Amino acid sequence: MQPSAPSYDERLTAPGSWWVIAALLGLSGGLVMFPLGNVPMLAGVIVAGALAAIGVSSYGSARIRVVAGSLVAGEARIPVAALGAPEVLDAEEARAWRSYKADPRAFMVMRGYVPQAVRVEVTDPADPTPYVYLSSRDPKALAAALEAVRAEAQ
């Protein structure tokens, strides 16, 4: 395997129902503009639909990768050497770590529509972040990729 090839790559895309809502928002924009005529109505559909689609797409563009000895989550790039062992969280435990167990200093790539997650302690003493919380549709594969990179580094 090439060192630059990702050993894990996941995009946390928004669910299909959100796209249906975006389409309905586009239709709502057309209905608002309907009294002004056909051209403004069409413009309302296009503008409202485009804005809703941009919003859904940008929220669903979070990406988690394990590549070149680093965990890349959102805009953060963390060397796997600075991380402890990953902990796979089921839906109930993930909900607990998103709410009453959460530390405000933690780095989180969290999506409410993804029930499972992985939590990884940050072992770097110079970093004030206690752990990284990552929503994942396949938390076992993410944890395995992190463990494989940790084992390679040792």
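Cut-offs used in this document
Residues numbered from 1 in each chain as written. Predicted model: local features only at pLDDT ≥ 70, side-chain atom pairs only at ≥ 80, totals over all residues. Heavy atoms only, no water. Helix = DSSP H or I, 4+ residues; strand = E, 2+ residues; numbered from the N terminus. Rg over C-alpha atoms; globule rule 2.2 N^0.38 Å. Buried < 20%, exposed > 50% of the residue type's maximum accessible area, 1.4 Å probe, protein only. Contact = heavy atoms within 4.5 Å. Areas by Shrake-Rupley, 256 points an atom, 1.4 Å probe, with all protein chains shown as cover. Phe/Tyr/Trp six-rings, centres within 6.5 Å; stacked < 30°, edge-to-face > 60°. Lys NZ or Arg CZ within 6 Å of the ring centre and 35° of its normal.

Attention shifts here to the overall build of the chain. Of the regular secondary structure elements, the chain holds four helices and eight strands. Helices and strands appear in the chain in the N-to-C order β-α-α-β-β-β-β-α-β-β-β-α. Relative to a compact globule of 154 residues, whose C-alpha radius of gyration would be 15 Å, the chain shows 20 Å and is clearly more extended. When its C-alpha atoms are laid out on the principal axes, the chain stretches across 70 × 40 × 25 Å. Sorting the 154 residues of the chain into buried and exposed places 36% on the buried side. Taking contacts inside the chain between residues at least 6 apart in sequence as the whole, the part at least 24 apart equals 65%. Accessible surface, the chain: about 8700 Å² in total, of which carbon and sulfur atoms supply 63%.

Our focus in this paragraph is the packing of aromatic side chains. For the structure on display, the rule yields four aromatic pairs. Seen from their ring centres, Trp18 and Tyr59 are 5.6 Å apart, and the 20° between their planes marks the pair as stacked. In this pair, Trp18 sits in helix α1 (residues 16-33) while Tyr59 sits in helix α2 (residues 38-59), placing the two residues 41 residues apart along the sequence. Their ring planes at 65° and their centres at 6.2 Å tell us that Tyr59 and Tyr113 sit as a pair that is edge-to-face. Placement of the pair is Tyr59 in helix α2 and Tyr113 in the loop between β6 (107-109) and β7 (117-122), with a sequence separation of 54 residues. On the accessibility criterion, Tyr113 (19% relative accessible area) is buried. Through successive ring pairs, a cluster of aromatic residues spans Trp18, Tyr59 and Tyr113. The ring of Tyr59 has Arg111 sitting right over it, with the charged end atom 4.3 Å from the ring centre. In this arrangement the basic side chain of Arg119 is found over the ring face of Trp97, its NZ or CZ atom lying 3.9 Å from the centre.

Attention shifts here to unusual backbone geometry. Although it is not a glycine, Ala68 sits at a positive phi angle of roughly 50°. Checked against the element boundaries, Ala68 lands in the loop between β2 (62-67) and β3 (70-73). Take Ala68: its relative accessible area is 48%, and that puts it in the partly exposed class.

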